[in-house]
Amino acid sequence: MNAPHDSPAVVGSPRPHESAALHVAGAAPYVDDLPEVQGTLHAALGLSPVAHGLLQGIDLDTLRAQPGVVAVLTAADIPGANDCGPIVHDDPILADGTLHYLGQPVFVVVARTREAARRAAALAAQVIRCDALEPVLDAQLAHHRQQYVVPPMHLTRGDARAAITTAPQRLQGEFSLGGQEHFYLEGQIAYALPQEDGGLLLHCSTQHPSEMQHAVAQALKRPAHQVQVVCRRMGGGFGGKESQSALFACVAALAAARLGAPVKLRPDRDDDILITGRRHGFEFQWDVGHDDDGRILGVELQMVANAGFSADLSPPVMTRALCHVDNAYWLPEVALHGYCARTNTQSNTAFRGFGGPQGALAIELILDSLARKLGRDPLDVRRANFYGTPEHNPERNTTPYGQVVADNILAPLVDRLVDTSEYPARRAAIARFNAASPVLKKGLALTPVKFGISFNVAHFNQAGALVHVYTDGSILVNHGGTEMGQGLNTKVAQVVAHELGVRLERVRCTATDTHKVVNTSATAASTGADLNGKAAQHAAAQIRERLAEFAALRYGGTAEAVRFQHERVLVNQQPIAFEELVQQAYFARVQLWSDGHYATPGLHWDRERLQGHPFFYFAYGAACAEVVVDTLTGEHRLLRADLLHDVGQSLNPAIDIGQVEGAFIQGLGWLTMEELWWQPGTGKLMTHAPSTYKIPTANDCPADFRVALFEGANPSDTIHRSKAVGEPPLLLAFSAFLAIRDAISAAGGHRTDPPLRAPATPEAVLDALAAVRGAV
């Protein structure tokens, strides 16, 4: 292979997001910004008024008589499969027979205007006839009744029960963890346009165009090649547009196919939240055996997730939760039990971290409580339980699921953060502050992260890309990943520019399109740049090699010695402008486009035994957070956060730092303020708008926010030895929650473990304070 280049770094430089200028100018078109084709109709969904019931009928005549209504569609109008479940076929597009949750789509109104469609759909409670049944709204109740969307999962190593009963000390506890609404800025939307010969073009805000293509083709009973799904960009996804965009895609496509007219479906925020699922809430119970120094000897943990009414992605979410209970720690004997409880609520789904944050938080809570019980600094207990390395304690570096932790950088990373965050001095200063402050209490916590990167399903770990070089030297790239603001297109363009030795400005990425790169995986599991970057690199490398062979043939020397650098090609000591060589190659009939493909090597997974090598590598990080809690009101403020995160050799430090900051704040919202509440009895989600569901604002960011990247090459052969950055930093927010716990503990002289639930709202903090003070 010829040497690629010695250009000034394109990869590794802090380039702005490829659409940044368009974003700030309001010129970056999203699906709803696309010019509407003449004759476009608008759809709205009629939602179930009950959380559980038997559907007896719909007064369609009343709906059809509403002003502007063109058609009303129900499950009976779907020609193919009435299902959009990604794994288990238990997720109807439109309700048929049984009503599973309040807010479930039952019918579709298609009208000449969006307002007319919404007004007619709002009559759902009047036109739907049903027999109400008792709903199950609580995951623990569903667990007690053994109502699950999939069979329970168990991950074991050794004899945990024996290790716990024979351990010098024992710790038992429980914890309630709430879910989280995605609250993407751009809501769910699909715009379907009939094409010639039975074809359908679908503009959809989705992280998984290929799955939308598949779901629509199945619903319409058409071959996949008749359905084209396009996504140029999303206004956020966070996992909420991985599987759950399928319902909206299928409805818009159904209406367009039935009426032979373009149809757009854009629910408002309230309906979006009432229809779609979110991050799974979890209930934990644990029993732990440990020694006098705080080392865990055995742990048994029960995790009950609120899956909602259908399976959706709950099985792999629970799998990843089980595989992240260890987080950064060696757990010699384990018995981990995962239950996906079926309730009459929205079907919960993927959310940044995909179960990993829930599983990892459990062990952090356990170690925090264990340290408090022993009267030791939690950081010391964490360090005592760290995984070993091949050089030090190699017998302590295998996960409960059988994968060796071969790239462990936890100790040096945490050591650096301890120094840069001034952890020991601040711990002492906070103790002095709390001793003199009866009302305001400060807390401090430093927590590590180890997060596995890859899809748990091996065949999802592949990607494709197309690279076109035009005769003027400009370059067009198309790949199977989707851009949702995370900078994937920017990174892929950097990779291609780097490979061909040209300026980044020469490269342009186009919309994700199922008619270009096919059979793609979701842009999820933090694999977007890993997979699509490698695929694009493969495509660009083939073009580079062809150009090098042509240059050597024309100018002498060998292809291996040709170098692409500084917008020029150096061949036989002669520099040639890149576009000049491209033009010459075109006249010589050299192929100037190529496809690329990448499949992550070395992955295997036994989903029955929950054993194998599911992750290509691990990403690491650590965070130190300091909070102050008002013990009279339960309010808190995050005063300072120090984040140190491992991204390998960063493809783009500016984008990566932004991802770390954003993930931390999103995790902070989940654990401290974003509370979901269903009305008892009716099962209506009452926190369905920003008036009642509170996400973090700029005011919630710490005034002192220090973010740094822990640079170092990824030992695994990733794209330019970088590491994924989308999901792992969300777990850094554990430090803020545990700092609040530390402050509450200080109110009771650190003699009682605070029973603080998440999110740590003022009400939750006051409840924990009352328990701590009552126990003193």
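Procedures and definitions
Residues numbered from 1 in each chain as written. Predicted model: local features only at pLDDT ≥ 70, side-chain atom pairs only at ≥ 80, totals over all residues. Heavy atoms only, no water. Axes fitted to C-alpha atoms, helices over the stretch in contact; angles between N-to-C directions. Helix = DSSP H or I, 4+ residues; strand = E, 2+ residues; numbered from the N terminus. Parallel < 35°, antiparallel > 145°, perpendicular 65-115°, else oblique. Contact = heavy atoms within 4.5 Å. Nonpolar A, V, L, I, M, F, W, Y, C, P; charged D, E, K, R; others polar. Salt bridge = Lys/Arg side-chain N within 4 Å of Asp/Glu carboxyl O. Buried < 20%, exposed > 50% of the residue type's maximum accessible area, 1.4 Å probe, protein only. pLDDT = per-residue confidence, 0-100. Phe/Tyr/Trp six-rings, centres within 6.5 Å; stacked < 30°, edge-to-face > 60°. Pairing = 2+ DSSP bridges.

**Q** Give me the packing of helix α16 (residues 528–555) against helix α17 (residues 578–587): which residues, what numbers.
**A** When two helices pack together, you describe them by how their axes are tilted relative to each other and by the distance separating the axes. Running from amino to carboxyl end, α16 crosses α17 at an angle of 85°, the nearest separation of the two axes being 10 Å. It follows from the interaxial angle that α16 and α17 lie roughly perpendicular. Residues L547, F550, A551, R554 and Y555 of α16 form the contact with α17, whose participating residues are F578, L581, V582, Q584 and A585. When the residues that make up the contact of α16 with α17 are grouped by side-chain class, the tally is 8 nonpolar, 1 polar and 1 charged.

**Q** Residues and numbers for the pattern of salt bridges, please.
**A** Overall, the coordinates contain 42 salt bridges when judged by the stated rule. In this structure, D32 engages K264 in a salt bridge whose closest nitrogen and oxygen atoms are separated by 2.8 Å. Separated by 232 residues along the polypeptide, D32 in the loop between α1 (20–25) and β1 (41–47) and K264 in strand β12 (residues 263–265) bring together distant segments of the chain. You can call D32 partly exposed: its relative accessible area is 33%. E115 is the salt-bridge partner of R119, the closest N and O atoms lying 3.1 Å from each other. Separated by 4 residues within a single helix, R119 and E115 lie in helix α3 (residues 114–121), roughly one turn from each other. Of the residues examined, R119 reaches a relative accessible area of 58% and is grouped as exposed.

**Q** An account of the confidence of the model for the protein is needed here, citing residue identities and associated values.
**A** On average, residues of the protein score 97 in pLDDT, and 99% of them are at 70 or above. Of the regions scoring below 50 in pLDDT, residues 1–7 engages in 32 contacts with residues more than four places distant in sequence or in other chains.

**Q** Which residues make up the packing of aromatic side chains, and what values go with them?
**A** As enumerated under the stated definition, the model contains 14 aromatic pairs in all. Where Y401 meets F615, the ring centres are 5.8 Å apart and the plane angle is 85°; that geometry is what we call edge-to-face. Of this pair, Y401 sits in the loop between α12 (378–385) and α13 (410–420) while F615 sits in the loop between β26 (611–613) and β27 (617–630), and the two are 214 residues apart along the sequence. Accessibility expressed as a relative area gives 0% for F615, which makes it buried.

**Q** Residues and numbers for the sheet that holds strand β22 (residues 568–571), please.
**A** Pairing in this open sheet of 3 strands is antiparallel, and the strands run β21-β22-β23 from one edge to the other. Among the strands making up the open sheet, the edge pair consists of β21 (563–565) and β23 (574–577). Averaged over all adjacent pairs, the angle separating strand axes in this sheet is 30°, with direction ignored. Two strands pair when backbone bridges link them, and β21 and β22 are joined in this way by 3 bridges, in the antiparallel orientation. Across the sheet, residue Q565 finds its bridge partner in β22, namely R568. The strands touched by α17 within the sheet are β21, β22 and β23, with β23 carrying the most contacts at an inclination of about 80°.

**Q** Kindly report on the environment of A160, identifying the contributing residues and their values.
**A** If you trace the backbone, A160 turns up in helix α6 (residues 160–166). Distance in space between the C-alpha atoms of A160 and T349 is 31 Å, their sequence separation being 189 residues. Excluding its chain neighbours within four sequence positions, the residues that come into contact with A160 are V299, E333, V334 and A335.

**Q** Mind laying out unusual backbone geometry, listing which residues take part and the relevant values?
**A** Cis geometry marks the peptide bond from A758 to P759, where omega comes out at 10°. By the secondary structure assignment, P759 is in the loop between α19 (734–747) and α20 (762–775). The residue E422 is not glycine, and still its phi comes out positive at about 55°. Secondary-structure assignment places E422 in the loop between α13 and α14 (423–436).

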